[in-house]
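Topology and contacts: notes
Letter by letter, the chains look like this.
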Amino acid sequence: MHAELQFLNIFNYCFVSPTYLHLDSLTNRYEFQCRNVYWMVTLLAVLVTCSFSCATFLMLEILRNHLASVMTTTTILLYMMRYLVMVPHIMWILLYRGRLKHDCAFALSIVQEKDKRLFQMPKLADQRRKRKTLQLYWVQIGCIVVSLLLGSVVQSYTLWSIASASREHLFGYYLFNLLALVVMIFISLMHLMYAQCWALLISFYLEELVWITKSEHLELGSLRTVIALWDDLTYFKQRVASTFGLMNVLHLLDILITCATESYAIIYFYEFGFNLLGALLSIVILVLYTGSCFLFAYAHDLVEVKEAELKDALKSMQYTNLKRQSRDQKDFYDLVNLKLMMESPKITACGLFEINLQIFYNVFAAIITYIVILFQFRGFEKSP
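Residues numbered from 1 in each chain as written. Predicted model: local features only at pLDDT ≥ 70, side-chain atom pairs only at ≥ 80, totals over all residues. Heavy atoms only, no water.

So, helix α7 (residues 171-214)
Our working rule: Helix and strand assignments come from DSSP, with helices taken as H or I runs of at least 4 residues and strands as E runs of at least 2, each series counted from the N terminus. Working rule for helices: expected span equals 1.5 Å times residues minus one. The buried label applies to any residue whose accessible area, calculated with a 1.4 Å probe on protein chains only, is under 20% of its type's maximum; exposed applies above 50%, and partly exposed to all values in between.
Here α7 contains 44 residues, and its C-alpha end-to-end distance of 64 Å stays within 8% of the 64 Å for a straight helix at 1.5 Å per residue. By the criterion of burial, α7 is predominantly enclosed, with 34 of the 44 residues buried.

Here you go:
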């Protein structure tokens with residue numbers, strides 16, 4: 001019953017979420033608790049501080065040797081974006097832990113209410129759907145981990161080859177900075193996936209409500225439960241939008257800057273004679289951010305799609321068996337019509353814009369624009 005919510009514990013292990021679902025031995029009930037919050041915040045703060053110090057030292061060395069270029073500027077921009085995401089992420093864990101715990105507890109109550117009062121969904125089909133969903137989650141995490149490990153290993157070997165050939169004494173700094181960057185990218189992508197999982201959870205339960213509404217011989221009591229659960233999901237959607245609002249803005253800005261700088265880096269490495277292995281980490285990061293952005297936008301777009309399907313199902317069922325409808329049913333359908341006339345709240349990023357597939361297209365249109373701007377600056381760099 002709680003398989004999808006128990007999966008979210010993986011984000012606690014990955015320094016993304018401060019909440020953890022466990023079975024209370026005294027009450028024999030599942031409940032969410034805050035777990036390892038200060039330990040998590042301390043380790044992330046140490047990682048960011050050490051990485052920032054090391055990156056600052058390397059950049060000062062580069063500037064002192066008069067090696068400043070567009071590529072150097074994009075690297076500085078990339079690292080600054082990492083810290084612009086990680087520092088608010090640390091504060092988010094610390095300041096939003098109580099709010100997130102409340103959101104998780106509310107989601108748990110929705111799951112328990114649905115399983116307790118609505119039994120129309122076949123259990124076998126429900127279990128298959130959950131199992132398939134969890135498998136897709138694990139595939140996504142596996143792709144992130146394997147790709148980043150492969151890219152970091154190849155990049156470390158490339159750095160070692162360059163350092164050995166040029167007797168570079170800063171190899172240790174470069175290696176530590178690389179590993180810290182990969183860890184921060186992993187945490188950022190996992191946090192983006194965390195928000196994606198909540199959106200998918202809402203869409204899946206909306207899909208079940210659609211299935212129940214379309215089923216035959218739906219009683220008035222079950223219909224009232226469907227409406228009540230829809231109200232709970234709408235409230236929970238607003239809570240999720242509020243809790244993740246600022247981080248969603250930063251993640252989308254991070255995707256924009258990272259994809260633009262990494263695309264420029266790949267072209268830069270290719271033009272200067274490096275093979276694809278030399279730019280493998282940049283290719284991996286570009287692919288992972290592109291895929292994660294699409295899945296993130298798709299999950300939120302799916303919420304709107306399923307909610308529209310639920311509204312259509314509620315509209316169509318009112319016109320079945322009109323002659324047999326009792327007075328109570330007609331009065332309740334009138335209330336449902338009033339509810340359907342009201343526009344449902346959207347999931348937004350701090351109220352700035354709606355999160356759906358359109359934002360995915362807008363972000364990558366902006367990425368192309370910024371790549372062109374970077375090459376224009378490079379033209380100034382080459383001019384005498």
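Anyway, onward from the coordinates.
Side note on the side chain of Asp103
We apply this condition: What makes two residues a contact is simply this: any of their non-hydrogen atoms within 4.5 Å.
The residue Asp103 is located in helix α5 (residues 97-117) in this model. Once you skip the residues sitting within four places of it in the chain, Asp103 turns out to touch Phe236, Arg239 and Thr243.

Considering the side chain of Ser156
Take Ser156: it is sitting in helix α6 (residues 123-166). In contact with Ser156, not counting residues within four places along its chain, are Phe171, Leu175 and Leu178.

Some thoughts on the packing of aromatic side chains
Put simply, the rule is: Note on aromatic contacts: the rings of Phe and Tyr and the six-membered ring of Trp form a pair at centre separations within 6.5 Å, being stacked when their planes are under 30 degrees apart, edge-to-face when over 60 apart, and tilted otherwise.
Applying the stated criterion across every chain yields a total of 18 aromatic pairs. Relative to Tyr96, the ring of Trp92 has its centre 6.4 Å away and its plane inclined at 20 degrees; by these criteria the two rings are stacked. Overall, the relative accessible area of 31% leaves Tyr96 in the partly exposed class. Judged by centre distance (6.3 Å) and plane angle (20 degrees), the ring pair of Phe106 and Phe236 falls under stacked. Of the two residues, Phe106 is situated in helix α5 and Phe236 in helix α8 (residues 220-271); the sequence distance between them amounts to 130 residues. Clustering of aromatic rings is evident, with ring pairs tying together Phe7, Phe11, Trp92, Tyr96, Phe106, Tyr137, Trp138, Tyr194, Trp198, Tyr235, Phe236 and Phe244.

A short note on the UniProt feature "transmembrane region" (unreviewed entry) in the chain
Under the convention used in this document: UniProt positions are given in the numbering used here, feature names are shortened, and annotations may be inferred rather than shown by experiment.
In this structure's numbering, the residues bearing the UniProt feature "transmembrane region" (unreviewed entry) are residues 37-60, 76-96, 136-159, 171-194, 249-270, 276-298 and 359-377. Note that residues 37-60 is 100% helix and 0% strand, and that its end C-alpha atoms are spaced 34 Å apart. The span residues 359-377 carries 100% helix and 0% strand; its end-to-end C-alpha distance comes to 27 Å.

Notes on the packing of α7 against helix α9 (residues 280-317)
To keep things clear, this is the line we draw: A fitted line through C-alpha atoms represents every axis, and for helices the fit uses only the stretch in contact; the resulting angles, taken between N-to-C directions, go from 0 to 180 degrees. Any angle from 65 to 115 degrees is called roughly perpendicular, while one under 35 is roughly parallel, one over 145 is roughly antiparallel, and all others are oblique. By the definition used in this description, the sense in which the near helix is turned from the far one sets the handedness, with an anticlockwise turn below a right angle giving left-handed and a clockwise turn giving right-handed. Side-chain classes are defined by residue name, with Ala, Val, Leu, Ile, Met, Phe, Trp, Tyr, Cys and Pro counting as nonpolar, Asp, Glu, Lys and Arg as charged, and the others, Gly among them, as polar.
Contact pair α7 / α9: the axes reach a minimum separation of 8 Å and the direction vectors enclose 15 degrees. One way to sum up the angle between α7 and α9 is to call them roughly parallel. The handedness of the crossing between α7 and α9 is left-handed. Residues that form the contact of α7 with α9 fall into these classes: 26 nonpolar, six polar and five charged.

Section: empty space enclosed by the protein
The line we're drawing: Points on a 1 Å grid over protein atoms alone make up a cavity when a 1.4 Å probe fits among them but cannot get out, and a pocket when they form an open set with protein on both sides within 12 Å along at least five of seven lines; lining residues each have an atom within 4 Å of a point. Grid points are joined across faces, edges and corners, and a volume is the space filled by probe spheres set on the points.
The final tally for this structure, using the stated rule, is four cavities of 30 Å³ or more. Here the largest cavity defines a volume of roughly 50 Å³. Lining the largest cavity we find Glu4, Leu5, Leu8, Tyr137, Cys197, Leu200, Leu201 and Phe204. When contributions to the lining of the largest cavity are tallied by element, the ones reaching two or more residues are α1 (3-7) and α7. Of all the elements, α7 adds the most residues to the lining of the largest cavity, at four residues. Across the lining of the largest cavity, the residue classes break down as seven nonpolar, no polar and one charged.

Digging into the pairing of strand β1 (residues 19-24)
Note the cut-off: Strand pairing is assigned whenever DSSP detects at least two bridges linking the two strands.
Of all the six residues making up β1, five are buried; the element is thus mostly covered by neighbouring parts of the structure. Between β1 and strand β2 (residues 29-34), which pair antiparallel one after the other, the connecting turn spans four residues, and Asn28 there sits at a positive phi close to 55 degrees.

Focus: the nonpolar core
Here is the rule we go by: Each nonpolar core is a collection of buried residues, namely Ala, Val, Leu, Ile, Met, Phe, Trp, Tyr and Cys, held together in the definition by side-chain atoms within 4.5 Å.
Membership of the largest hydrophobic core comes to 111 residues, with the highest contact counts inside it found for Leu5, Phe7, Phe11, Tyr194 and Trp198. In terms of residues, this core owes the most to one element, α7, which gives 27 residues. When residues no more than four places from it in sequence are discounted, the contact partners of Tyr194 are Leu8, Phe11, Val16, Ser17, Thr19, Trp92, Leu100, Cys104 and Phe244. Of all hydrophobic cores here, the second largest spans seven residues; its members include Met71, Ala265, Phe269 and Ala279.

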